[in-house]
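Listed below, chain by chain, are the residues.
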Amino acid sequence: MTYERYERGQLNTTSYRCYIKNSETNKLVSPFHDIPLFANKENQVYNAVIEIPRWSNAKMEISKKEKLNPITQDVKKNKLRFVNNCFPHHGYIWNYGALPQTWEDPNVKDETTGCNGDNDPLDVCEIGSKVHQRGSVVQIKVLGALGLIDEGEADWKIICIDINDPLAAKLNDITDVETHCPGLLDSTRDWFKIYKIPTGKPANSFAENGKFFNREFAINQINHDYKLWLNLVQGGYDKSPEKKEGLSLENTSLDYSPSNRLTAEEASNVINQASENFNPQAAQIDQVAIDAVSYIDRSKYN
């Protein structure tokens, strides 16, 4: 399957929405529920939805609460969120996104981190050379995982690479990343540890002191979180109101979730009600503030 972006609203405003269409059927799809986890199950090729292109700062994410789960910019205290540039990093240092049809259940304790899930799809760090557009659906090879503990919640990061990247044939497990991309794993751990410090948050911690787990472990984690997602959409989950209320399960393709399935007309109505037509002119933002550099004394957080 191939997919295309369908943008609405205006970039750099709360009106912005990036929906996704199936190019072959011309149907709107949910990047949380409709896009299959596997692009090729036999060869263990997965689909990844890119939320944030490499080197950019806008904190974009699949909206779990909105129907059809568009990609929107995160908001905190009524302000759009941008990540700080923590020297020597600039913005996000990989194409950052999520695995469709996965879910880190906030009522299930993760064995490795000892924390409950963060209520999101599994995150991916795609390390190939191409800068992918927001809303791109990329076929990826899984290489390993990093067990981030983010404000007390399990927030696994799956390390992967676009199967069409020139390096993909050489990278088959997490040890190959250090061989062919020296420094990238250390930089990845450093980025996740310190990226919230400029906003007044403490440094993040990790499972097993920041160990990068291998491909086999990462695939087992993906399978685990796929089962949790499947339980979610089939209605078999523990309904904890403080965590589950507002999760949108609407989709346009799941035969095993008929009560949440939308027709093409209903899907069109959803986006027409959610946001106005796309305005290609991005709204003005304080680019000087976004480009500013934060210097972090790592010795305080070792």
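Bear in mind the structure is a predicted one, so any value in this text is a computation, not a measurement.

## Some points on a nonpolar patch on the surface
A cluster of nonpolar side chains, namely Phe87, Val293 and Tyr295, defines an oily patch on the protein surface of about 350 Å² accessible area. The residue Tyr295 is located in the segment after β17 (293-294) in this model. When its relative accessible area of 64% is taken as the criterion, Tyr295 is described as exposed.

## Observations regarding helix α3 (residues 215-233)
Think of an α-helix as 3.6 residues a turn; residues three or four steps apart then line up on the same face. Taking 1.5 Å as the rise per residue, α3 with 19 residues should run 27 Å; its terminal C-alpha atoms sit 27 Å apart, in good agreement. Listing the buried residues of α3 in full gives Arg215, Ala218, Ile219, Gln221, Ile222, Asp225, Leu228, Trp229, Leu232 and Val233. Looking at the packing, one finds that the buried side of α3 touches β5 (45-52), β13 (137-150), β14 (153-162) and β16 (212-213). Near the N-terminus of α3, the side chain that reaches the backbone nitrogen of Glu216, with its oxygen 3.3 Å away, is that of Asn214. Just downstream of α3 lies Gly235, where phi reads positive at about 85°.

## A word on the environment of Arg261
Mapped onto the fold, Arg261 is located in the loop between α4 (241-244) and α5 (264-274). With a relative accessible area of 34%, Arg261 lands in the partly exposed category. Separated by 11 residues in sequence, Arg261 and Glu250 place their C-alpha atoms 5.7 Å apart. In this structure, Arg261 is in contact with Lys27, Asn251, Thr252, Ser253, Leu254, Asp255 and Glu266, ignoring residues within four places of it in sequence. For Arg261, the side chain forms a polar contact with the main-chain oxygen of Thr252, separated by 3.5 Å.

## Some words on the side chain of Arg134
Examined against the element boundaries, Arg134 turns out to sit in the loop between β12 (123-126) and β13. In this structure, Arg134 is buried with no salt-bridge partner, the nearest side chain bearing the opposite charge being Glu7 at 4.0 Å. Polar side-chain contacts of Arg134 include one of 3.2 Å to the side chain of Tyr16. Discounting residues that sit within four places of it in the chain, Arg134 has contacts with Arg5, Glu7, Leu11, Tyr16, Cys18, Ile50, Glu51, Pro53, Met60 and Ile71.

Rules and cut-offs
Residues numbered from 1 in each chain as written. Predicted model: local features only at pLDDT ≥ 70, side-chain atom pairs only at ≥ 80, totals over all residues. Heavy atoms only, no water. Patch = residues over 30% accessible without salt bridge, like charges linked within 9 Å, V, L, I, M, F, W, Y side chains within 5 Å. Areas by Shrake-Rupley, 256 points an atom, 1.4 Å probe, with all protein chains shown as cover. Salt bridge = Lys/Arg side-chain N within 4 Å of Asp/Glu carboxyl O. Helix = DSSP H or I, 4+ residues; strand = E, 2+ residues; numbered from the N terminus. Buried < 20%, exposed > 50% of the residue type's maximum accessible area, 1.4 Å probe, protein only. Expected span 1.5 Å × (residues − 1). Contact = heavy atoms within 4.5 Å. Polar contact = N/O pair within 3.5 Å; in protein donor to acceptor, adjacent residues only side chain to side chain. Lys, Arg positive; Asp, Glu negative; His and termini not counted.

Without other data, these values stay purely geometric and don't point to any function.
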